[in-house]
Structure formats: structure tokens, C-alpha cells
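Breakdown of the fold
Okay, here's what each chain looks like letter by letter:
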Amino acid sequence: ATCNNLASLYDKVNRKDETERLYLEALRIYRDSAEKNPDAYLSYVANTCNNLAYFYNHINRKDQADIFFTEALEIAKKYQDVDPICKQIVDILSRR
């Protein structure tokens, strides 16, 4: 969670290199954890993919943004009934 939160903070102060590095590190950690316990961690993967997608979209790296938006939505759809963050991701991204 710390990497994801710090990336969000860096994004707000326009430190793009650090933002990307930390989101990718958070994603790696959550993916590793999800391999062992998917029900506990896939919603975090979805949220981090969503954050990374918005970051890439903001810096006009649309192809990368689309990849992460798609992954976030696919995961979030599976967990939307049990996780409020996933429900929110589905609600927002379904309107894109």
C-alpha cells in the first residue's frame, strides 16, 4: 500500500519517473501476493492497474493506459460484488 500511496503523492507533485516506478513496484508486489492468495489481493491489483492506467492516460501514453484499464476492469468485474473498490472501478470504467 505504501508504494501505491507514495506514487499517488508523487503524481500530484508531477514527479513522473518516481510515480511510474512506484506504481509498477506496487503492482509487482500485489501480483506476487495474488499468486498465493488471489481473493485477498486481486482487488489491490485491479486498483493499482487502474491508478497506473490513469497515470499513463494523463501523460499521453494511451496504449499503455488501455492495457491497464482493461486489466483493471477484467479483475474488478470478478470482485465487484464483494469489494467496494472493485465495484467503483467497474462503475467508472464501464462508462469509458
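Look up a bit, the structure's there.
Before going into details, it helps to say that this report is about the structure given with it. Please read these numbers as outputs of a predicted model, since none were measured by experiment.

The full count for this structure, using the stated rule, is zero disulfides. Distance from the sulfur of C3, which forms no disulfide, to the nearest cysteine sulfur (C49) is 15 Å.

A complete count under the given rule lists six aromatic pairs for this structure. Between Y30 and Y44, the aromatic rings sit 5.1 Å apart at their centres with planes inclined by 20°, giving stacked as the arrangement. Within this pair, whereas Y30 is found in helix α2 (residues 16-36), its partner Y44 is found in helix α3 (residues 38-58), the two being separated by 14 residues in sequence. The exposure class of Y30 is buried, given its relative accessible area of 8%. Judged by centre distance (6.1 Å) and plane angle (45°), the rings of Y41 and Y44 are tilted. With a gap of three residues between them, Y41 and Y44 both fall in helix α3, about one helical turn apart. Judged by relative accessible area, Y41 falls into the partly exposed class, the value being 31%. Clustering of aromatic rings is evident, with ring pairs tying together Y23, F55, Y56 and F68.

Cut-offs used in this document
- Residues numbered from 1 in each chain as written.
- Predicted model: local features only at pLDDT ≥ 70, side-chain atom pairs only at ≥ 80, totals over all residues.
- Heavy atoms only, no water.
- Disulfide = S-S within 2.5 Å.
- Phe/Tyr/Trp six-rings, centres within 6.5 Å; stacked < 30°, edge-to-face > 60°.
- Helix = DSSP H or I, 4+ residues; strand = E, 2+ residues; numbered from the N terminus.
- Buried < 20%, exposed > 50% of the residue type's maximum accessible area, 1.4 Å probe, protein only.

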